[in-house]
Number of protein chains: 2
Amino acid sequence: MRAVNIGLIGLGTVGSGVVRLIQKHHDEYVEHYGVDLCLKRTCSRSDAEAQRLGVIDTFTTDWHDVVSDPDIDIVIELIGGEHPATEIFEESFKAGKHVVSANKALLGRKMEHLASAAAERGVAIKCEAAAAGGIPVVNALEHNLIANETLTIAGIMNGTTNYILSRMEAEGSSFEDVLADAQAAGYAEADPTADVDGFDAASKIAILASIGFRTRITTDDVYMQGIRAISSIDMEMAKEFGYAIKLLAIARNTDEGVDVRVHPTMIPRNHLLASVSGAMNAVYVVGDAVGETMFYGAGAGSFPTASAVVGDVMALATPISQGRSPLPESEPFGHNLAIRNVSDLKSKFYIRLTVEDKLGVLAQATKIFADNEISISYISQYDTGDSDAKTLIYMTHQTREGGMEKAKTQLESLDLIREVASIIRIENIDAWTENVFAN
Amino acid sequence: MRAVNIGLIGLGTVGSGVVRLIQKHHDEYVEHYGVDLCLKRTCSRSDAEAQRLGVIDTFTTDWHDVVSDPDIDIVIELIGGEHPATEIFEESFKAGKHVVSANKALLGRKMEHLASAAAERGVAIKCEAAAAGGIPVVNALEHNLIANETLTIAGIMNGTTNYILSRMEAEGSSFEDVLADAQAAGYAEADPTADVDGFDAASKIAILASIGFRTRITTDDVYMQGIRAISSIDMEMAKEFGYAIKLLAIARNTDEGVDVRVHPTMIPRNHLLASVSGAMNAVYVVGDAVGETMFYGAGAGSFPTASAVVGDVMALATPISQGRSPLPESEPFGHNLAIRNVSDLKSKFYIRLTVEDKLGVLAQATKIFADNEISISYISQYDTGDSDAKTLIYMTHQTREGGMEKAKTQLESLDLIREVASIIRIENIDAWTENVFAN
């Protein structure tokens, strides 16, 4: 057994968790797995954290010192962002080092480029922590479930928005109030865009779908809609109809191409995903043989994310300790599947309109729905605080997205309609398990 | 790349699923993972299934033909039971072959012996399918979560009993009626003992706890109680108190030793495990770094279980294809932890008594509880169909199991008490996450 030398770049929340976890369990890793992890270099912009963690003797502010150290076997990149993270990956590969990373923004955009660069040098990228924090779903897709063709990957991949939606549902509060509260408590960032507008979940589903479907999918391929428009009325209506509202990231591997999107979704309240509350994450993976599986856990946090990072490190370090090179990961881009245009998809919809309380408004709306081949399954009218205005709630049958987009534009152009306040998809969950083998 | 030769012993439900899955995906495994699986020998008592599957040219009725074939790299053992399964393992190891198995009964009893025998010959045992069917939880414990110390493994590990309890809860039916129905529909065996009395779940938790805690735990170490005593009254009372009743298998790695047991359990209705219904399985794994995780999926069935078996085969076949031997699995018996006596554990209890409708019965019962240091948090009385008898329902505060056992014996000896009809533990779920690292 030889020691495996680690270079850690980034000493933020996750980086400090990695240092603390290795400090706590170093001796158990030696005893149980024959792996002697040696944190040889650490790197960050300031040395405050390295001081606090007692690793100042390994510290540098220059990442080049880490990737150019010939003794280092594995580089852990935890600084996030595109630069210099990209250069850290590339220089590490050139120096024959494996890279473990939690950088979802970068991997969501450049996984193909980076995977090719790693493969060229015969080294590995491992990124469990980039997709769902501590939940080992990347490993499930890359290894444990590979006997399957992956049909669907879908779930709750952003803790902040799930926390906000859970509280809105439990308390009947508005999005703005819960967000402000979450920001004050440190659960949401001062600039919440990456979370509430869906960017974070989009990066994660791009990574998971690329690995699960073995095709190139980038964050730009993901249709994206956030949760800002969800109101307490929508929450209440959803409950009445037996639904919960969740921000889901969904990727389906269909005969017509990959359907990949992030948006608020009504799902049946008795569905397991509806029971996932607070900041927790949960990812459904449907394989043609295994059928439905779900992986649940913390999607963020210092130690949970460090669990995934150090798990990846251990997977590489185990063969290295025995003087063997790790198996190269399978090339994730064997396929080049088309991305389906969201306009071609079909869904049921929930629609909330704020309208003038005048004769003719119903007739005008009804005509627009009919013109766009939208068949309505339910309609009801509610008072608003304003005596001149009413709320109209519609539920539709299965409808083409393109038709709904046109109808929305036409509804918005009507004088009698003040606002198309909310359009929420009602996900067809049965479609997730289409093509599962019958036993 | 060289072909990897498989010998498959057992062509029942799972065995035929394995054949069909390899037939369906052979070419994708070659294309995506560079693994050419060749089903070289199949073995069963009769050739009917081999005929049906189109593998009659590989068929033998003598398992020795499989393990003695020098070309075979991996033996898949799917016959179940202790003999000749044990001999198949041992002869395969002697011949330098790796073994993949779904044999929970055998592995629940003899894992230490078999793991040592495999390690001696430098070959591997893989048993994902033995613990929770298609759910990749063995891999999570052996690989993906190894950066953690595993604190708790707990969940629903038997589909038949979960199906029965789900229907009892939904329909208000009796255990006997649902069991008869399930037997008629093929969801339960003609002899349901292994499922309803907890043996199947006990084998699985013994396997998972051995791997997760790296210690020797056998099925005999598991305290076990089945679901036969659960009545529709208990289901209704549980609902009223905000609980669901599930047959849980629970293993906790505590400072006083391993607490490992299978029994019906009341858990809060808003807990994720309470939402797992029908024949599905779900396993909680709590690690000190990752915190709570849960793995959900089909615990049985031809293709789901085959997914786990072929996943294990692929993990071994990937290095073999590249001319390398698979990494030996880490020795699962590094620890030799004590097993806690169930009498020393503490729990809250739900107790249902059928009593004579006579003065003094309450006073007598109350005295017995007090004598055994059982503090009652709730009591209520209900009519039974019989005008001479009443139902008494108690809920207790945290109570030592030993005290409850004594109280049960004493209650049963009272003339005024017809029956101690039901005693159900109310699991202290917070204890599952004790010792998780604070972030």
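Note that the structure is predicted; figures quoted are calculated from it, not measured.

Calculation notes
- Residues numbered from 1 in each chain as written.
- Chains lettered and ligands numbered in written order.
- Predicted model: local features only at pLDDT ≥ 70, side-chain atom pairs only at ≥ 80, totals over all residues.
- Heavy atoms only, no water.
- Patch = residues over 30% accessible without salt bridge, like charges linked within 9 Å, V, L, I, M, F, W, Y side chains within 5 Å.
- Areas by Shrake-Rupley, 256 points an atom, 1.4 Å probe, with all protein chains shown as cover.
- Salt bridge = Lys/Arg side-chain N within 4 Å of Asp/Glu carboxyl O.
- Lys, Arg positive; Asp, Glu negative; His and termini not counted.
- Charge placed at Lys NZ, Arg CZ, Asp CG, Glu CD.
- Helix = DSSP H or I, 4+ residues; strand = E, 2+ residues; numbered from the N terminus.
- Buried < 20%, exposed > 50% of the residue type's maximum accessible area, 1.4 Å probe, protein only.
- Pairing = 2+ DSSP bridges.
- Contact = heavy atoms within 4.5 Å.
- Axes fitted to C-alpha atoms, helices over the stretch in contact; angles between N-to-C directions.
- Buried area = accessible area lost by both parts, 1.4 Å probe.
- Polar contact = N/O pair within 3.5 Å; in protein donor to acceptor, adjacent residues only side chain to side chain.
- Nonpolar A, V, L, I, M, F, W, Y, C, P; charged D, E, K, R; others polar.
- UniProt positions renumbered as here; feature names shortened; annotations may be inferred.
- Core = buried A, V, L, I, M, F, W, Y, C linked by side-chain atoms within 4.5 Å.
- Bend = angle between axes of the 7 residues up to and from the residue.
- Domains from an automatic or database assignment.

Chemist: Would you mind showing me how to read a negative patch on the surface here?
Modeler: Residues D27, E28 and E31 of chain A together with E149 and D255 of chain B make up a contiguous surface patch of negative charge. Tracing the backbone shows D27 of chain A in helix α1 (residues 13-33). Since its relative accessible area comes to 57%, D27 of chain A is described here as exposed.

Chemist: I would appreciate a short explanation of the sheet that holds strand β3 (residues 59-60) of chain A in the present structure.
Modeler: Note on sheets: strands pair through backbone hydrogen bonds, and any given pair is parallel or antiparallel. Residues and elements named next belong to chain A. Spatially, the six strands line up as an open sheet ordered β3-β2-β1-β4-β5-β6, and their pairing is parallel. Of all strands in the sheet, those bounded by a partner on one side alone are β3 and β6 (125-126). Pairing of strand β4 (residues 74-77) with strand β5 (residues 98-101) involves four bridges; the strand directions are parallel. Bridge pairing links I74 to H98 in β5. Contacting β1 (4-9), β4, β5 and β6, helix α4 (residues 85-94) crosses the sheet at an angle of about 175° to β4.

Chemist: Hey, could you run me through the interface of chain B and chain A in this one?
Modeler: Interfaces are often described in size by the accessible area the parts lose on coming together. Between chain B and chain A, the residue contacts involve 53 residues of the former and 53 residues of the latter. With both sides pooled, the region where chain B packs onto chain A buries about 4800 Å², and carbon together with sulfur makes up 58% of that total. Counting the contacts that link chain B with chain A gives zero salt bridges. At the junction of chain B and chain A, the tally comes to 15 residue pairs in polar contact (both at pLDDT 80 or more). The greatest single-element share of the side of chain B that touches chain A, amounting to nine residues, is contributed by helix α13 (residues 302-321) of chain B. Residue composition of the side of chain B that touches chain A, by class: 27 nonpolar, 19 polar and seven charged. Pairing of strand β12 (residues 291-298) of chain A with strand β12 (residues 291-298) of chain B, which is carried by four bridges, proceeds in the antiparallel orientation.

Chemist: Whenever I open this one, the UniProt feature "active site" (unreviewed entry) in chain A confuses me. Can you help?
Modeler: All names here are of chain A. UniProt marks K204 with the feature "active site" (unreviewed entry), using the numbering shown here. Inspection of the secondary structure assignment puts K204 in helix α11 (residues 199-213). On the basis of relative accessibility, which here comes to 4%, the residue K204 falls in the buried class. Sequence-distant contacts of K204, defined by excluding residues within four places in its chain, comprise K104, A130, A131, M157, N158 and N281. Within the structure, the side chain of K204 is placed 2.8 Å from the side chain of D200, a separation counted as a polar contact.

Chemist: Before we go on, may I ask you to explain the nonpolar core in this structure?
Modeler: Most often, soluble globular proteins have nonpolar side chains that are buried together. One finds I164, I205 and L208 of chain A together with I164, I205 and L208 of chain B to be the most contacted residues of the largest nonpolar core, which totals 148 residues. Those residues in contact with I205 of chain A that lie beyond four places of it in its chain are I153, M157, V222, A249, I250, A251, V260 and V262 of chain A.

Chemist: It is not clear to me how the pattern of salt bridges should be interpreted in this structure. Could you clarify?
Modeler: Opposite charge on two side chains allows them to pair when their charged atoms are near. Evaluation of the coordinates by the stated rule reveals 54 salt bridges over all chains. In this structure, R216 of chain A engages E112 of chain A in a salt bridge whose closest nitrogen and oxygen atoms are separated by 3.2 Å. Placement of the pair is R216 of chain A in the loop between α11 and β8 (223-224) and E112 of chain A in helix α5 (residues 104-121), with a sequence separation of 104 residues. Accessibility expressed as a relative area gives 31% for E112 of chain A, which makes it partly exposed. Between E256 of chain B and R340 of chain B there is a salt bridge whose closest N-O contact spans 3.5 Å. Of this pair, E256 of chain B sits in the loop between β9 (243-254) and β10 (257-268) while R340 of chain B sits in the loop between α13 and β13 (346-356), and the two are 84 residues apart along the sequence.

Chemist: Is there a simple way to think about α1 of chain A in this case?
Modeler: Because each turn of an α-helix spans 3.6 residues, side chains separated by three or four positions end up pointing in the same direction. Residue and element names in this part refer to chain A. At H25, α1 shows its strongest bend, of approximately 60°. Every buried residue of α1 is accounted for by V14, G15, S16, G17, V18, V19, L21, I22, H25, Y29, H32 and Y33. If you follow the buried residues of α1, they end up packed against β1, β2 (37-43), α2 (48-53), β4 and α13 (302-321). At the C-terminal side of α1, G34 shows a positive phi close to 65°.

Chemist: What is the right way to look at unusual backbone geometry in this model?
Modeler: Most peptide bonds adopt trans geometry, and most residues besides glycine take a negative phi value. P84 of chain A follows H83 of chain A through a cis peptide bond whose omega is 5°. Phi is positive for E373 of chain B, close to 55°, though the residue is something other than glycine. Structurally, E373 of chain B can be placed in the loop between α14 (361-371) and β14 (376-383). The exposed category is assigned to E373 of chain B, whose relative accessible area is 71%. Backbone geometry at N435 of chain B places phi at a positive 75°, although glycine is not the residue there. Topologically, N435 of chain B is positioned in the segment after β17 (417-426).

Chemist: What is the right way to read the side chain of T219 of chain A from this model?
Modeler: All names here are of chain A. In this structure, T219 sits in the loop between α11 and β8. Using a relative accessible area of 7% as the deciding quantity, one classes T219 as buried. In this view, T219 contacts G108, R109, A202, S203 and A206; residues no more than four positions away in its chain are not counted.

Chemist: Looking at this structure, I do not really get the UniProt feature "domain: ACT" (unreviewed entry) in chain A. What am I missing?
Modeler: Here the UniProt-annotated "domain: ACT" (unreviewed entry) positions come out as residues 350-431 of chain A. Span residues 350-431 of chain A is 29% helix and 43% strand, its end C-alpha atoms 19 Å apart.

Chemist: For this particular structure, what's the right way to read the domain arrangement of chain A?
Modeler: All names here are of chain A. Per the domain assignment, the segments of chain A are domain 1 (4-134 + 301-321), domain 2 (138-298) and domain 3 (343-426). For domain 1 versus domain 2, the separation of C-alpha centres amounts to 27 Å. Each partner contributes to the interface: domain 1 provides 17 residues, whereas domain 2 provides 20 residues. In total, about 1400 Å² of surface goes out of reach between domain 1 and domain 2, with carbon and sulfur atoms giving 55% of it. Our count for the domain 1 to domain 2 interface comes out at three salt bridges.

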